[in-house]
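# Summary of structural features
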Amino acid sequence: MTTTEVRPATVAPRPARSRALDWLTTTDHKKIGIMYLFNSFAFFAIAGAMALLIRTQLAQPNNDVLSPKAYNETFTMHGTLMIFLVILPLLSGFGNYIVPLQIGALDMAFPRVNALSFWLLPVGGLTILSGFVTSGGAAAAGWTNYVPLALQEGTGEDLWLLGLLVVGTSSLLGAINFIVTVLRLRAPGLSMARVPIFTWATLSTSVLVVLAVPALTATLMIVFADRHLGTAFLDPSHGGSVFNYLNTFWFFGHPEVYMLIMGAWGIASEIIPVFSGKPLFGYRGVIASLLLVLALSFTVWGHHMYTTGLVDDSLFSVTTELISVPTGVLFFNWLFTLWKGKIRFEPAMSFALGFVALFVIGGIDGVWMASPAMDYAVHDTYFVVAHIHYVLFGGSLFGIFAGVYYWFPKMTGKFLDRRLGNLQFWLLFIGFNVTFFPMHYLGLSGMPRRIETYTASDGWTTLNLVATIGSYVIGLGMIVGLVNLIVTWRKPRTATGDPWEGNTLEWATTSPPPPHNFDALPPITSERPVRDQRLAAAQAEVTA
Amino acid sequence: MTTAQPPADLVERHAVRAASSAVMAMTLFVASEAVFFGAFFGIYASAYTASKVWPPADVSAPGLRLPTISTAVLVFGGLSMLLARRASRRDDFPHRSVAWLWVTLASAIAFLVLVVVSLPDTHFGIGQGIFESLFYTITALAMAHVFGGIVLLTLVIGRARAGELAFQREPLQAASIYWYFVVALGVVIYLLLYVAAAD
């Protein structure tokens, strides 16, 4: 039945529609993927501007660029947008575009659900942001939305809760779609033991979404019910407890961290082998590590609650130390892939190497804080801010930028400018470290998170100023990236189907691919079918 | 960009496999639903362990008679869904399956009516304590899920009557997975909110 629906589209051309309408009503995974990326970068610009506001406020002691209330709203929205509307949807955007190509499929399993997943995102994001136009202002309880703060807030908080419910629904629908697509629509010959790592990473992320996001939904509902329906979930005077919030929130919250990083691991695992001219070291080990992290990520949520006295610190300390083992295995896989490789320093590779370097710092911070003794000392200080940014910016975002430079020719047929790309990399790499490395010291010297100002006698002035200067360098790096995009827009399409000498099936079609993705698929006998085909062709040439 | 057609065998394979993926998608959705209710059961568990007596001393236990009947009706609906799935293997599909789906639909509606009728028997408000909050929230969410089941069943019956299911059983199978989940949920809720709270 569905077959007859698919075929006529390729035989009889549809009546011409306007290009805008075509994009607005598309169910093509490639167009939806690009819309995911555009939408997420738009929210990225907003959330990034907020970060600069935060850093400007903290540049000097007793600064009054932002009022305390405005400061609270700004850091709440910065965190919320970056986590829920930037990093995860950026990875979903790549997933949408790349995963069906990597598995040799013609589209996602449920294209219309896919379009719905996308369109829910701007709706949810704008709902969250619309708090700014209410009289009480936007939500200001931090992205963790801790109670009792969350119960005291105004209408902005309700919009935050509702917006996140919408965004969560979007993630859930998208995740189910990814899982079904990968499990059901792989090309003949592409067994799970030959599926590219980025697709494995998207699959793992999607499993995390399916099993963790519902806990967030429950958490949001509990807060909403306590605020408006008079329930007592979080009210200790009526038998409720803040513990109910912390437990359900962090049961979601820690797998969430892995949702935000696994895709970047996948991107790095695609790029490093291609630009080292070698196969990925330990392909199966990488998959095993991903699956171990997936399983363990549901056992570590209590490490966010060491200082509450409500959890067994030693138990969660052990599970948290354990999860660093498969993560460490990944580092060795990347390093051994580089070892004796013919390394090409394209911007995509620079960002991937930057990702490895920065993520290892964030990872080691995390291992330290897995120890309750250390965590008690630095809990709720800037040390944690440094850690989360090394993981989510140095890790996830550097991985995402690597993906942008790597897959841009596939998506558009055009190469982003190499020199501007390298300039952007160095500005971001230097700016990032200048901004966030000093925060370790600020944390160790006791500067708490979320404070809107400090006094000169606290001794935090110099490092805060350094961090602020670094943040402007990051801002400059982002502008360079935007310029690169605009410059490239006017260039002709010069990219071949396989411009980087890639391994995986997305390089077996034209750049950009036709609407139906593939005219023909190469034979698939390993996890690197395009490389196999290239080597076979070279071999045939030699023998001829 | 090429204007060639996709290989016909790939199109065929894609269409067949995408159309038969509803069961897997529903299984994943039900897994997420289980986590969602698991969060509330987790709160129940921590309140239960924190309380010396259960339900907490000031709660007047809700009556058992009507909830027992409504849960039995729900379980009966689960059985009729089982029979609808069995009948789907027969050659006259979807003829007899639809008859059992009507029975399931009727039981779902009867369940909702019985729950609404039994609510005046509960003599406590939503904000009096943690048990009361859990009681009303979980009940409301379960009713919403039964309602979702009614919508799903109506859609499947409608499609079957329109002749759209003659060659595919997946929509019925997917609906049955959802419905089994709702029935199991109803039984757990009955045990936690009524039996465990009975005097």
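Everything quoted here is computed from the prediction, not taken from an experiment.

## Structural notes on the overall build of chain B
Regarding its fold elements, chain B presents 6 helices and 0 strands. Moving toward the C terminus, one meets the helices and strands of chain B in the order α-α-α-α-α-α. Its C-alpha atoms give chain B a radius of gyration of 21 Å, more than 25% over the compact-globule value 16 Å for 199 residues. C-alpha atoms of chain B, sized along the principal axes, occupy 70 × 45 × 20 Å. In chain B, which comprises 199 residues, the share counted as buried stands at 38%. Restricting to contacts in chain B with at least 6 residues of sequence separation, those with at least 24 account for 81%.

## A short note on the overall build of chain A
Helix and strand counts for chain A come out as 17 helices and 0 strands. Taking 2.2 N^0.38 as the reference for a compact globule, 544 residues should give roughly 24 Å; the C-alpha atoms of chain A span a radius of gyration of 23 Å, in line with that estimate. Counting only residues that meet the buried cut, chain A has 56% of its 544 residues in that class. Taking the contacts inside chain A whose residues are at least 6 apart along the sequence as the reference set, 82% of them involve residues at least 24 apart.

## Some points on the packing of helix H4 (residues 95-118) of chain B against helix H5 (residues 130-161) of chain B
All names here are of chain B. With their axes 10 Å apart at the nearest point, H4 and H5 run at an angle of 155° to one another. Relative to H5, H4 is oriented roughly antiparallel. Crossing of H4 over H5 shows left-handed handedness. Contacts between H4 and H5 involve Val-98, Leu-101, Trp-102, Thr-104, Leu-105, Ala-108, Ile-109, Phe-111, Leu-112 and Val-115 from the former and Thr-139, Met-143, Val-146, Phe-147, Gly-149, Ile-150, Leu-153, Thr-154, Val-156, Ile-157, Ala-160 and Arg-161 from the latter. Looking at side-chain class alone, the contact of H4 with H5 contains 17 nonpolar, 4 polar and 1 charged residues.

## A look at unusual backbone geometry
Along the chain, A:Val147 connects to A:Pro148 via a cis peptide bond; the corresponding omega equals 5°. Its location among the elements puts A:Pro148 in the loop between helix H5 (111-129) and helix H6 (149-152). Backbone torsion omega between B:Trp54 and B:Pro55 reads -5°, so that peptide bond is classified as cis. Even without being a glycine, A:Asp380 presents a positive backbone phi close to 60°. The residue A:Asp380 is located in the loop between helix H13 (372-378) and helix H14 (382-412) in this model. The class of A:Asp380 is partly exposed, set by 13 C-beta atoms lying within 10 Å.

## Points about the interface of chain B and chain A
Taken together, the 38 residues of chain B in the interface contact 43 residues of chain A. Broken down by secondary-structure element, the contributors of at least two residues to the side of chain B that touches chain A are helix H1 (8-19), helix H2 (22-50) and H5 of chain B. Considering every element that reaches the side of chain B that touches chain A, the biggest residue donor is H2(B), with 15 residues. The residue makeup of the side of chain B that touches chain A, split by class, is 23 nonpolar, 12 polar and 3 charged.

## Focus on the confidence of the model for chain A
On average, chain A scores 94 in pLDDT, and the residues at 70 or more come to 97%. Low pLDDT (under 50) marks residues 1-12 of chain A, which in the prediction has 13 contacts with non-local residues, meaning those over four places away or in another chain.

## Let's talk about H2(B)
For H2(B), which comprises 29 residues, the first-to-last C-alpha distance of 42 Å matches the rise-based estimate of 42 Å (1.5 Å per residue) to within 8%. Regarding H2(B), the residues found buried are B:Ala22, B:Ala25, B:Met26, B:Leu28, B:Glu33, B:Val35, B:Ala39, B:Phe40, B:Ile43, B:Tyr44 and B:Ala47. Contacts from the buried residues of H2(B) go to helix H7 (155-184), helix H8 (197-228) and helix H9 (242-276) of chain A together with H5 and helix H6 (170-195) of chain B.

## Some thoughts on the nonpolar core
Residue and element names in this part refer to chain A. Ranked by internal contacts, the top residues of the largest apolar core, which has 220 residues, are Ile-87, Ala-268, Ile-271, Ala-352, Phe-355 and Ala-402. Top element by residues in this core is H14. It accounts for 21 residues. Once you skip the residues sitting within four places of it in the chain, Ala-268 turns out to touch Trp-334, Ala-352, Phe-355, Val-356, Gly-399 and Ala-402.

## Remarks on the environment of A:Ile197
All names here are of chain A. By the element assignment, Ile-197 lies in helix H8. A count of 25 C-beta atoms within 10 Å places Ile-197 in the buried class. As for Ile-197 and Ile-54, which are separated by 143 residues in sequence, their C-alpha atoms are 37 Å apart. Apart from residues no more than four positions distant in its own chain, Ile-197 is found in contact with Gly-266, Ser-269, Glu-270, Leu-280 and Val-286.

## Some words on the packing of H9(A) against helix H11 (residues 313-338) of chain A
All names here are of chain A. Put simply, H9 and H11 touch, their axes get as near as 9 Å, and they point 15° apart. Relative to H11, H9 is oriented roughly parallel. Where H9 crosses over H11, the handedness of that crossing is left-handed. In this structure, H9 contributes Trp-265, Ala-268, Ile-272, Pro-273 and Ser-276 to the contact, and H11 contributes Leu-330, Trp-334, Thr-337 and Leu-338. Looking at side-chain class alone, the contact of H9 with H11 contains 7 nonpolar, 2 polar and no charged residues.

## Overview of the confidence of the model for chain B
On average, residues of chain B score 90 in pLDDT, and 97% of them reach the 70 mark or higher. On the interface metric, ipTM, the complex scores 0.93, and its pTM is 0.94.

## Quick look at the environment of A:Thr488
Residue and element names in this part refer to chain A. Tracing the backbone shows Thr-488 in helix H16 (residues 461-489). The partly exposed category is assigned to Thr-488, around which 17 C-beta atoms lie within 10 Å. Between the alpha carbons of Thr-488 and Ile-287 there is a distance of 35 Å; along the sequence they are 201 residues apart. Setting aside residues up to four positions removed in sequence, Thr-488 forms contacts with Lys-414, Leu-416 and Asp-417.

## Some details on the environment of B:Phe124
Residues and elements named next belong to chain B. Along the chain, Phe-124 falls in the loop between H4 and H5. The class for Phe-124 is partly exposed, based on 17 C-beta atoms found within 10 Å. In sequence terms Phe-124 and Phe-135 are 11 residues apart; their C-alpha atoms lie 10.0 Å from each other. If sequence neighbours within four positions are ignored, Phe-124 has contacts with Val-59, Ser-60 and Glu-132.

Rules used in this analysis
Residues numbered from 1 in each chain as written. Chains lettered and ligands numbered in written order. Predicted model: local features only at pLDDT ≥ 70, side-chain atom pairs only at ≥ 80, totals over all residues. Helix = DSSP H or I, 4+ residues; strand = E, 2+ residues; numbered from the N terminus. Rg over C-alpha atoms; globule rule 2.2 N^0.38 Å. Buried ≥ 20, exposed ≤ 12 C-beta atoms within 10 Å, placed from the backbone. Contact = placed C-beta atoms within 7 Å. Axes fitted to C-alpha atoms, helices over the stretch in contact; angles between N-to-C directions. Parallel < 35°, antiparallel > 145°, perpendicular 65-115°, else oblique. Left-handed = near helix turned anticlockwise from the far one by under 90°. Nonpolar A, V, L, I, M, F, W, Y, C, P; charged D, E, K, R; others polar. pLDDT = per-residue confidence, 0-100. Expected span 1.5 Å × (residues − 1). Core = buried A, V, L, I, M, F, W, Y, C linked by C-beta atoms within 7 Å.

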